Amino acid sequence: MLTRSHIPASRVGHVSIIRIEEADPVPTPGFPAGTTLDTYRRYSDSIDPRWYDSDGAPLLGMSGFVLSTGGVNVLVDTCNGDWPVAGLPPQPEASPFVGRLRAAGLAPEDIHVVVNTHLHLDHVGCNTHEAADGSVVATFPNAEYLFVDTEWEWAQQSAAAGNPSCGRVDRAVAPLLEAGRGRLVSMDHRVTDEIALLPTPGHTPGHVSVEVTTDAGSAVITGDMMHHPIQLFEPGLCSLFEEDSDEAARTRIALLERWRRRDVLLLGTHFPGSGIGLLEQDARGFRYAETAL
Ligand SMILES: [Zn+2]
């Protein structure tokens, strides 16, 4: 059943933001690894007790975000979708992602640009789907799909080597490039005047976050640069499946330094709760304040 918590919305300047949640938060040990109950309790003014379980495992959801500005709708990450992956158990249920997008007032035809923060299976799945005749077609027929060039290069090699994390690129990425529907771009590509890719390598080599910059404030869609708000306070905590853990930690530390100079709205791709929260500066450093649902 669809509830309001699946589609929280926000706004920065002229850019409106809608989160489309595919999966409800569940305990996900290892994302990040090494957490205990004490890890979370140390930051109890920012970390809600509903965001971890009694064993100290983080709760993670899965969401895409739609940024809308000047009549352009940009979808960032398309979640798991329905494509099976060799070596992994089949998904028990069909993805609710596109249905929830429609419930938020956006048909697939309304999306103009699709960005994948990286090419792991849980971020590309609804890029395409299978048509009645068995062909693979773009789910968002009017969109240009943007893929980071270095990420695509790495993901092809990784998929060929049998890495199941890249097990959807053959159906969710390659057909779009072959059909001329996708474009390879650099890690700092600008999408609109207010929306640009932000290089955040480490989790994967070509991983990007998406930054919104306006006169009224800024926002960042994390992708898997961090999986849980606890990593705002413990940026050295790494998740499983980080291609380069040291680089991933350096990326988080550098971003936190950048954000110390201004408040930023964080849009957490895997964050539990509303997934949207303000990182506010205070006398002790900063705190994470989830937006009300
Ligand atoms: Zn992910």
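Details of the structure are given in the entry above.
Scope of this entry: the structure provided in the associated data block.

**Topic: the overall build of the chain**
Consideration 1: Counting its secondary structure elements, the chain contains eight helices and 15 strands.
Consideration 2: Against the globule reference of 19 Å for 293 residues, the chain gives a C-alpha radius of gyration of 18 Å, in line with a compact fold.
Consideration 3: Taking the principal axes of the C-alpha coordinates as reference, the chain spans close to 60 × 40 × 40 Å.
Consideration 4: Per-residue burial for the chain yields a buried fraction of 57% across its 293 residues.
Consideration 5: For the chain, long-range pairs separated by at least 24 residues make up 65% of all intrachain contacts whose partners lie at least 6 apart in sequence.

**Looking at the layout of surface pockets**
Consideration 1: As a volume, the largest pocket reaches approximately 1100 Å³.
Consideration 2: Looking at the largest pocket, it is lined by 35 residues, and the ones nearest its centre are A23, M62, N80, Q91 and D122.
Consideration 3: Taken together, the elements giving at least two residues each to the lining of the largest pocket come down to β2 (15-27), β3 (59-69) and α3 (121-124).
Consideration 4: Top element by residues in the lining of the largest pocket is β2. It accounts for four residues.
Consideration 5: Among the residues forming the lining of the largest pocket, the class breakdown is 17 nonpolar, eleven polar and seven charged.

**Points about the nonpolar core**
Consideration 1: In this structure, I111, L119, F140 and Y145 are the most contacted members of the largest nonpolar core, which totals 29 residues.
Consideration 2: For this core, the secondary-structure elements that each account for two or more residues are β2, β3, α2 (97-103), β8 (144-148), α4 (149-160), α5 (169-172) and α6 (174-178).
Consideration 3: Ranked by residues supplied to this core, first place goes to α4 with three residues.
Consideration 4: Among the nonpolar cores identified, the runner-up in size contains 24 residues, and V74, V113, V185 and V210 belong to it.

**Overview of the coordination of the zinc ion**
Consideration 1: Those protein atoms acting as donors to the zinc ion are D122 (OD), H123 (NE2), D224 (OD), D224 (OD) and H270 (NE2), and they sit at 2.1 to 2.8 Å.
Consideration 2: Each donor residue of the zinc ion belongs to the same chain, with the gaps between them written as D-H-x100-D-x45-H. Of this pair, D224 sits in the loop between β12 (217-221) and α7 (230-233) while H270 sits in the loop between β13 (264-267) and β14 (276-282), and the two are 46 residues apart along the sequence.
Consideration 3: Using a relative accessible area of 6% as the deciding quantity, one classes H270 as buried.

**Observations regarding the sheet that holds β8**
Consideration 1: In spatial order, the strands read β1-β2-β3-β4-β5-β8-β9; together these seven strands make up an open sheet with mixed pairing. Two strands in the sheet have a free side with no partner beyond their single neighbour: β1 (9-12) and β9 (182-185). On average, adjacent strands in this sheet sit at an angle of 25° to one another, irrespective of strand direction.
Consideration 2: Where β1 meets β2, four bridges bridge the pair, whose relative direction is antiparallel. When the bridges of β2 are listed, V12 appears paired with V15.
Consideration 3: This element, α4, spans β8 and β9 of the sheet and lies at about 75° to β8.

**Digging into the pairing of strand β11 (residues 208-214)**
Consideration 1: With respect to burial, β11 is a largely interior element, six of its seven residues being buried.
Consideration 2: As judged from the five bridges shared by strand β10 (residues 195-199) and β11, these two strands associate in the antiparallel manner. Looking across to β11, one finds that P199 is bridged to V208.
Consideration 3: Counting the residues that bridge the hairpin from β11 to β12 gives two residues.

**Focus: the sheet that holds strand β15 (residues 285-290)**
Consideration 1: Strands sit in the order β10-β11-β12-β13-β14-β15 across an open sheet of six strands; the sheet is mixed. Lying at the two open borders of the sheet, with one neighbouring strand each, are β10 and β15. Averaged over all neighbouring strand pairs, the angle between strand axes comes to 25°, with direction disregarded.
Consideration 2: Where helix α8 (residues 245-259) meets the sheet, its contacts fall on β10, β11, β12, β13, β14 and β15, and the angle it forms with β14 comes to roughly 65°.

About the cut-offs
Residues numbered from 1 in each chain as written. Predicted model: local features only at pLDDT ≥ 70, side-chain atom pairs only at ≥ 80, totals over all residues. Heavy atoms only, no water. Helix = DSSP H or I, 4+ residues; strand = E, 2+ residues; numbered from the N terminus. Rg over C-alpha atoms; globule rule 2.2 N^0.38 Å. Buried < 20%, exposed > 50% of the residue type's maximum accessible area, 1.4 Å probe, protein only. Contact = heavy atoms within 4.5 Å. 1 Å grid on protein atoms, 1.4 Å probe; cavity = no way out; pocket = protein on both sides within 12 Å on 5 of 7 lines; lining within 4 Å. Points joined across faces, edges and corners; volume = space filled by probe spheres on them. Nonpolar A, V, L, I, M, F, W, Y, C, P; charged D, E, K, R; others polar. Core = buried A, V, L, I, M, F, W, Y, C linked by side-chain atoms within 4.5 Å. Donors = N, O, S within 2.8 Å, 3.2 Å for Na, K, Ca; no water. Pairing = 2+ DSSP bridges. Axes fitted to C-alpha atoms, helices over the stretch in contact; angles between N-to-C directions.

Everything listed is a geometric property; what it means functionally is a separate question.
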